Amino acid sequence: MKFLNPELRKIITDCYPYIESLNPAQMSAVEAGYLESDENFIIAIPTASGKTLLGVLAAIQAIMDGGRVIYTVPLISIQNEKVKEFRELEKHGISVGKDPRTSDLAVMVFESFDSLTRFSWNTLREIDLLIVDEFHMIGEYSRGPVIESAITRARKLNPAMRIVALSATLSNMDEIGEWLGARIVEHDYRPVPLHREVLDTEMFGARDKNQVVLKILERSISEDSQTLAFVSTRRFTESLASYLADRIKKKIPGDLLERFDEVAERILDVPRASGSPPTSTCLKLADCIRAGVAFHHAGLFNRQREIIEDEFRRGNILMITATPSLMYGVNLPSRTVVIRDYTRWTGQGPQRIPVFDYEQMSGRAGRPLYDDIGYSYLIAKSHDEAMELEEYYVNGEVERTNSRLMENRDALYRQIIAQVASGLASTTEDLLEFFRETFYGYQMSEGPFSNAFGLDSIQYEIETATEFLIKNRIIYPGPSGLSATEFGILIAKSSYSVETAVKLHQFASEMDELDIYRLIYELAGTPDIPLIPFKGRKSRDPVRERLMEHGIFVMDAGNSEATAAALIEWINERTEYEIENAFNVYAASTRRTAYEASRLVKFFKRICEIQGVYGYTGKLDVLAARLYYGVREDIIPLVVGVRGLGRVRARKIVETFGEDLRHVRKDELKRIDGIGEKLAEAIRGYAERSCQS
Ligand code: ADP
């Protein structure tokens, strides 16, 4: 730590006691003058090599100099993780939080930072240092355009602000660095060396790839180590886990089995705690975990995913089978990583995953402090295929990272609306000037692959997009140039896609009467609702029939129809268990989806108001609450009034005592399953309050 100034060193040794010295990658940044400089920097070093600490060092330095810092990250899960980590700094008088108005160091997700650059210019202008974590996401379809546009706007509004970008290594770093006007520090240090290899079925005389994975699992049992296996779909995580669990169970020593059983019980406690029986997915998960293998995907309860992650870290799970989404977000290293599938389904059929994704998944191998080496195995069918994959992935170069700003129409629309609504642009020329300064604009007009028509093509894209927005009455050409309509301002202040907004606007203008089931069906068909997808190809008739009962006729049921049917059941107080059985869907994510739907109902309410329709306000508030709590209308006051009561117990109470609870005694309440002293007390308080009002 001798390279740090004494004050900085004191804070770091106090808050990060396990860090004894800077590692070579961190040293190379410090030696390049990173901490003294006010220049922009891109730090490009592998995963787990300690980028966060470099960000923290620059942040503390800036704050000690009287400055304020925003640390922006792509996902809420990462935001929470970082806030928790940075809170340690509060001992040294640095305030940490999520709001830049009240924190010296504010951790914000890309979306919120983008929103700050649209409407909170005073705050933005007080920021001295912007740290962009996971900066390589700039090439990702949905979040990339958000962060590149936000950075562009922020630089324009606050040119003195320093930018530090923390990134995985990208092949066209020079180009990106030129755009950002940044110095680049690259280093290939890894805290744990990584061995990467392609294995094939022929080497093991195996029938299929799963059998190779089984061999790896068997070896890791004998070596007492853990494995993370990546496959391409939710369904494959389950089928691989079941396959392995069936074959490995008998070979596991008894003391381990006991530990696995405990984890399985914790998994089953999640549905039990909400008073409903476990879904078949829960049962399958618990079964696999009894053999030490867990599957991990978006269709599980949040709490179950947390348990799996925690228990894996504690060494109580041998293997996790996961979809590639596990490589973002949570920090979950493992001694061994297996990549069974290197293709992914897209609109054009199966396609190879990028080398970049291979690197990210492989990079999870090797736990700092525990392992002296990490292993990454890609599995091929045949020996020939293995040779080819070795060339492509192990020796291959990471793809170029390109801006997706024009490819992602919705992002382009949203940025045009943002520029117009915030008053930064009132003509096509203004817009062109803005987009010319984005990474996209740089790539088209100045980067190594730019051409003479680059700017013309941006102009064409902008004009077409602007016409679309005018046609949909989101912006309008007034006497003094382009302005946003009230609808446009609503969109600019929301996080919703233009497609969603246009769809709901149209629905609002065409309806004669508010039909809440029809509205749910519309909501489920927007890109802003996380789907509750079918688990397999089994009969989809129950979904069609349920929708039909509510006057919605569909030819064929897809995932958004399934989502609509599940939400309808949810507000009629069916449990996830019942929903799963009725429709064969991943119902554990119902609560999350219903929460998003509830927020979207409020957005719809605003859209109605903009159209001058106020008659449905009350009905829409009720629907939002029903989605949020998963209840029928009559018990809304009870679940709102008694925190922590929940839908199941609230219904029990009303069934047992009726709606008027004034004369029900505490001991009577406590006879209901799951109601203890505290809840009984709260219910009494609620009953007294409601009789006064
Ligand atoms: P990434 O580069 O992927 O953001 P992190 O910043 O999360 O990696 O660092 C991975 C782990 O290494 C963290 O637990 C961090 O505290 C630890 N770490 C960072 N720098 C050092 C260091 N110089 N010595 C020991 N551990 C370190």
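All figures in this text were calculated on a predicted structure; none of them were measured in a lab.

Undergrad: Lay out the pattern of salt bridges with the relevant residues and their values.
TA: Pairing is possible between side chains that carry opposite charge, provided their charged atoms lie close to one another. Tallying each qualifying case throughout the model produces 49 salt bridges. The shortest N-O distance in the salt bridge between Arg272 and Asp269 comes to 2.8 Å. Here Asp269 and Arg272 lie together in helix 12 (residues 254-273), a separation of three residues that amounts to about one turn. Close ionic contact of Asp357 with Arg344 constitutes a salt bridge, the shortest N to O distance being 2.8 Å. Here Asp357, found in helix 15 (residues 355-362), pairs with Arg344, found in strand 13 (residues 343-346); they are 13 residues apart in sequence, far enough to count as distant. Classification of Asp357 by relative accessible area gives buried; the value is 8%. Because the salt bridges share partners, they merge into one network encompassing Asp261, Glu265, Asp269, Arg272 and Arg290.

Undergrad: So what's going on with unusual backbone geometry? Residues and values would help.
TA: Positive phi, normally seen in glycine, also occurs at Glu134, with a value near 50°. Positionally, Glu134 belongs in the loop between strand 5 (129-132) and helix 7 (144-157). We classify Glu134 as partly exposed; its relative accessible area is 26%. One non-glycine residue, Asn584, adopts positive backbone phi at about 55°.

Undergrad: Please provide a residue-by-residue account of the layout of surface pockets, values included.
TA: Taken as a whole, the second largest pocket spans an internal volume of roughly 480 Å³. Lining the second largest pocket are 22 residues, with Pro46, Thr169, Arg190, Arg196 and Glu359 sitting closest to its centre. Counting residues per element, the ones that place at least two in the lining of the second largest pocket are strand 8 (194-200) and helix 15. Tallying contributions element by element places helix 15 first for the lining of the second largest pocket, with four residues. Split into classes, the residues belonging to the lining of the second largest pocket amount to eight nonpolar, eight polar and six charged.

Undergrad: If you had to explain the sheet that holds strand 1 (residues 40-44) to someone new, which residues and values would you point to?
TA: Spatial strand order, 3-4-2-5-6-1-7: seven strands in an open sheet with parallel pairing. Strand pairing shows two members of the sheet lacking a second neighbour, strand 3 (96-97) and strand 7 (182-186), which therefore form its edges. The sheet contact formed by strand 3 and strand 4 (residues 105-109) spans two bridges and is parallel. Considered in strand 4, the bridge of Gly97 is made with Ala106.

Each value, and the rule that gives it
- Residues numbered from 1 in each chain as written.
- Predicted model: local features only at pLDDT ≥ 70, side-chain atom pairs only at ≥ 80, totals over all residues.
- Heavy atoms only, no water.
- Salt bridge = Lys/Arg side-chain N within 4 Å of Asp/Glu carboxyl O.
- Helix = DSSP H or I, 4+ residues; strand = E, 2+ residues; numbered from the N terminus.
- Buried < 20%, exposed > 50% of the residue type's maximum accessible area, 1.4 Å probe, protein only.
- 1 Å grid on protein atoms, 1.4 Å probe; cavity = no way out; pocket = protein on both sides within 12 Å on 5 of 7 lines; lining within 4 Å.
- Points joined across faces, edges and corners; volume = space filled by probe spheres on them.
- Nonpolar A, V, L, I, M, F, W, Y, C, P; charged D, E, K, R; others polar.
- Pairing = 2+ DSSP bridges.

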